[in-house]
Amino acid sequence: MTAIDHGSFTRAAGIVGRTPSAVSLQIKRLEETVNAVLFQRDAHNLHLTSEGRTVAQHARRILALNDQIIASLRQPTVAGRVRLGAPHEYTASLLPDFLGKFAQTHPNVMLEVTSDLSKNLLRRQLAGEFDLVVALHEDSSEEGGTSIHNEPLVWVGSEDHSSHTRSPLPLVLAPPPCIYRTRMLRGLNQIDHPCRIVYLSSSYNGISAAVQAGIGITAMAASTIPPGTKSLTEADGLPPLGHLQLRLHRMAGIRSEALSRLEEYIAGSFANSAPPRASVRGGD
């Protein structure tokens, strides 16, 4: 997991106190055991193969379960306060379930959760507002944070309306500096698809309601698609939106058992996150 999170056998070796050759040997033995190549290697970074992503998903699940078992038995009880920042869509969809389970295991940890756009959260963390931030990154080459999930970005429209067939294409967007907004407008511009902004909201619930009502279409992380919506594809005349990387950012210099437990728990939970809850299919 350390090699995956830090993108290098050399960096992983330094963190776990082993030599790079020892780490490489362990990976080689693992690949021989599962009879599959788990990493694609280039001059600068490691990238997981499809088999590697499968192994990593199960490994994170095992580690998260191990942490839960240890946490439930370890004394003294973990206590404290953690200030968490996360994008609106995750605090409204996946995080309530994750954090609810964490709270059951660690009832003496107080969580302060704030929602905002990813870039705003990172800026506010630099100002000292958050101990831990879950943030989306558009470019995998960006530095900082620990990668915990590779999230497909998809077009989303109402199940009961055909907003995506209108011209110009009606868009439901968040204000800048929203990464989804940038990705949508750039993609449509590249294929010269006429569009217009018909609805602005900084709230995930507000955007979801507008899409469900057929006001327009938007883009969302695949794991956060709400009920009453469907995914749209290139078959509907829309450009692909690619993927975004979800990362955890811990405030520099902050060390606490409660923070470490939450950081590990969120990473493990996203690795085993559920598929989108809405109807996910091509345009009708």
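Scroll up to find the structure this text is about.
First, a word on what this report is: a plain description of the structure on this page. (Residues numbered from 1 in each chain as written. Predicted model: local features only at pLDDT ≥ 70, side-chain atom pairs only at ≥ 80, totals over all residues. Heavy atoms only, no water.)

Looking now at the overall build of the chain. A count of helices and strands for the chain gives 10 helices and 11 strands. Every one of the 284 residues in the chain was classed for burial, and the buried ones make up 44%. The contacts of the chain with a sequence gap of at least 6 include a subset with a gap of at least 24, amounting to 77%. Of the accessible surface of the chain, which amounts to about 14100 Å², a share of 52% is contributed by carbon and sulfur atoms. (Helix = DSSP H or I, 4+ residues; strand = E, 2+ residues; numbered from the N terminus. Buried < 20%, exposed > 50% of the residue type's maximum accessible area, 1.4 Å probe, protein only. Contact = heavy atoms within 4.5 Å. Areas by Shrake-Rupley, 256 points an atom, 1.4 Å probe, with all protein chains shown as cover.)

To continue, consider the nonpolar core. Within the largest apolar cluster, 53 residues are counted, with the highest numbers of intra-cluster contacts made by Tyr90, Trp155, Tyr180, Ile266 and Phe270. At seven residues, the largest contribution of residues to this core is made by helix H10 (residues 257-271). In this structure Tyr90 touches Leu95, Pro96, Leu136, Glu151, Ala221, Ser223, Thr224, Leu246 and Phe270, once residues within four positions along its chain are discounted. Membership of the second largest hydrophobic core comes to seven residues, among which are Phe9, Val23, Leu38 and Phe39. (Core = buried A, V, L, I, M, F, W, Y, C linked by side-chain atoms within 4.5 Å.)

The next thing to look at is the packing of aromatic side chains. Going through the model one piece at a time under the given rule, you end up with three aromatic pairs. Here Tyr90 and Phe270 contribute two aromatic rings whose centre-to-centre distance is 5.5 Å and whose plane-to-plane angle is 75 degrees, an arrangement assigned as edge-to-face. Of the two residues, Tyr90 is situated in helix H5 (residues 88-92) and Phe270 in helix H10; the sequence distance between them amounts to 180 residues. For the pair Tyr90 and Phe270, one class covers both residues: buried. Each member of the aromatic cluster is reached from another via a ring pair, and the members are Tyr90, Phe98 and Phe270. (Phe/Tyr/Trp six-rings, centres within 6.5 Å; stacked < 30°, edge-to-face > 60°.)

If you check which residues of helix H7 (residues 118-126) are buried, you get Ser118, Asn120, Leu121, Arg124 and Gln125. Projected down its long axis, H7 shows its buried positions confined to an angular sector of 160 degrees, all on one face. Facing away from the buried side of H7, by more than 90 degrees, are the exposed residues Arg123 and Leu126. Elements that come into contact with the buried residues of H7 comprise strand S3 (80-86), strand S4 (109-115), strand S5 (132-137) and strand S11 (243-250). Just downstream of H7 lies Gly128, where phi reads positive at about 95 degrees. (Arc of directions from axis to C-beta.)

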